[in-house]
Amino acid sequence: MTPPTASRLGLDLVATVRSRLGGAPRDDLTSPATLAAWLAARGMSHCADPDEVDLREFRALRETAYRLLEVVVDGTRARPADVESVNRWAAHPPPAVRLRAEDLPDGRTDLRAEPVRPTTAQVLGLVARDLVDLVTGPQRDRLHQCEAEVCGSFFVDTSRAGRRRWCSAATCGNRMRVAAHRSRAHD
Ligand SMILES: [Zn+2]
């Protein structure tokens, strides 16, 4: 259910609406269970179980993220309410980290990081901070919106030439190549 190449939390969340610009967008986040699956696919299966309130918050952050990415890519004005909302989410503290120390018989101590169950608010904070970095950080100038007609997803073009056009070559790129081939065949 996850688009293969977005690879950053802020972009991944926006991409949970497929074919956003078409007549029939499809939403991957329709229930707390689908949100739990989305989190699990990002290595957060140990995250606290999301409920309906969490779902609403993630979807609200997603739409805010979409509008702020548009602000960067299209050079338009940001809504003050969106900026305030992102700041509210980004203020959630990051998930805790725990160190576990186990003394071994050979005289050494084994040190490990122990996973701590993050709250959904903490994950919202992670996504919001990733978004802030996306729209202000070093990759900001490499942000693009997918050129596939209905897609609407954003991606960071890390290719050396900087000429990437699709959020995913396998899905949108392929679909557009097939469409171009078909229209040539009809000429
Ligand atoms: Zn796309």
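Residues numbered from 1 in each chain as written. Predicted model: local features only at pLDDT ≥ 70, side-chain atom pairs only at ≥ 80, totals over all residues. Heavy atoms only, no water.

(A) Just the overall build of the protein chain, in detail. Scanning the protein chain from terminus to terminus reveals 6 helices and 6 strands. The principal-axis extents of the C-alpha atoms in the protein chain amount to approximately 75 × 40 × 35 Å. When each of the 187 residues of the protein chain is scored for burial, the buried share is 35%. Taking the contacts inside the protein chain whose residues are at least 6 apart along the sequence as the reference set, 56% of them involve residues at least 24 apart. When the accessible area of the protein chain is evaluated, it comes to approximately 10900 Å², of which 52% is carbon and sulfur surface. In the protein chain, the 28 positive side-chain charges and the 25 negative ones have mean positions that sit 6 Å from each other. (Helix = DSSP H or I, 4+ residues; strand = E, 2+ residues; numbered from the N terminus. Buried < 20%, exposed > 50% of the residue type's maximum accessible area, 1.4 Å probe, protein only. Contact = heavy atoms within 4.5 Å. Areas by Shrake-Rupley, 256 points an atom, 1.4 Å probe, with all protein chains shown as cover. Lys, Arg positive; Asp, Glu negative; His and termini not counted. Charge placed at Lys NZ, Arg CZ, Asp CG, Glu CD.)

(B) Quick look at helix 2 (residues 32-41). Residues of helix 2 that are buried: P32, L35, W38 and L39. Considered in projection along helix 2, the buried side chains sweep an arc of 115° and stay on one side of the axis. Of the surrounding elements, those touching the buried residues of helix 2 are helix 1 (9-14), helix 3 (52-74) and helix 5 (120-136). (Arc of directions from axis to C-beta.)

(C) Structural view of the coordination of the zinc ion. Within the protein, C146 (SG), C151 (SG), C167 (SG) and C172 (SG) serve as the donor atoms for the zinc ion, at 2.3 to 2.4 Å. In this structure, the zinc ion is surrounded by 4 donor atoms whose angles at the metal cover 105 to 118°, and the resulting shape is tetrahedral. Donor residues for the zinc ion, ordered by position in the chain, follow C-x4-C-x15-C-x4-C. When sorted by exposure, C167 lands in the same class as C172, which is buried. (Donors = N, O, S within 2.8 Å, 3.2 Å for Na, K, Ca; no water. Tetrahedral: all angles 85-135°; square planar, octahedral: opposite > 155°, others 65-115°.)

(D) A look at the UniProt feature "domain: Zinc finger CGNR" (unreviewed entry) in the protein chain. UniProt tags residues 142-184 as "domain: Zinc finger CGNR" (unreviewed entry). As annotated, residues 142-184 comprises 37% helix and 14% strand, and the C-alpha atoms at either end are separated by 31 Å. (UniProt positions renumbered as here; feature names shortened; annotations may be inferred.)

(E) Structural view of the environment of V127. Counting through the fold element by element, V127 comes out in helix 5. Residues contacting V127, with those up to four places away along its chain left out, are L9, G10, L13, F58 and L61.

(F) Region of interest: the packing of helix 2 against helix 3. The contact between helix 2 and helix 3 brings their axes to 9 Å, and the two run at 60°. Helix 3 is crossed by helix 2, and the crossing has left-handed handedness. When helix 2 is examined against helix 3, the residues P32, L35, W38 and L39 are found in contact with a partner set consisting of E52, D54, L55 and F58. Residues of the contact of helix 2 with helix 3, tallied by class, amount to 6 nonpolar, no polar and 2 charged. (Axes fitted to C-alpha atoms, helices over the stretch in contact; angles between N-to-C directions. Left-handed = near helix turned anticlockwise from the far one by under 90°. Nonpolar A, V, L, I, M, F, W, Y, C, P; charged D, E, K, R; others polar.)

(G) Seen up close, helix 5. In this model, helix 5 (17 residues) spans 24 Å end to end at C-alpha, consistent with the 24 Å of a helix rising 1.5 Å per residue. Those residues of helix 5 that fall on the buried side of the exposure criterion are T120, Q122, V123, L124, G125, V127, A128, D130, L131, L134 and V135. If you follow the buried residues of helix 5, they end up packed against helix 1, helix 2, helix 3, helix 4 (80-90), strand 5 (143-145) and strand 6 (154-156). (Expected span 1.5 Å × (residues − 1).)

(H) Representation of unusual backbone geometry within the structure. The backbone of S19 shows a phi angle near 50°, a positive value even though the residue is not glycine. Its place among the elements puts S19 in the loop between strand 1 (17-18) and strand 2 (26-27). By relative accessible area, S19 is classed as buried at 18%.

(I) Geometry of the confidence of the model for the protein chain. Per-residue confidence for the protein chain averages 91 on the pLDDT scale, and 96% of its residues sit at or above 70. When mean pLDDT is taken per element in the protein chain, helix 4 scores highest with 98 and helix 6 (residues 169-186) scores lowest with 85. Note that residues 1-6 has pLDDT below 50 and, in this model, 15 contacts with residues that lie over four places away or in other chains. (pLDDT = per-residue confidence, 0-100.)

(J) Broad picture of the pairing of strand 3 (residues 98-103). Little of strand 3 is tucked away, with 0 of its 6 residues classed as buried. Where strand 3 folds back on strand 4 (residues 109-114), the antiparallel hairpin that results is connected by 5 residues, among which G107 adopts a positive phi of roughly 95°. (Pairing = 2+ DSSP bridges.)

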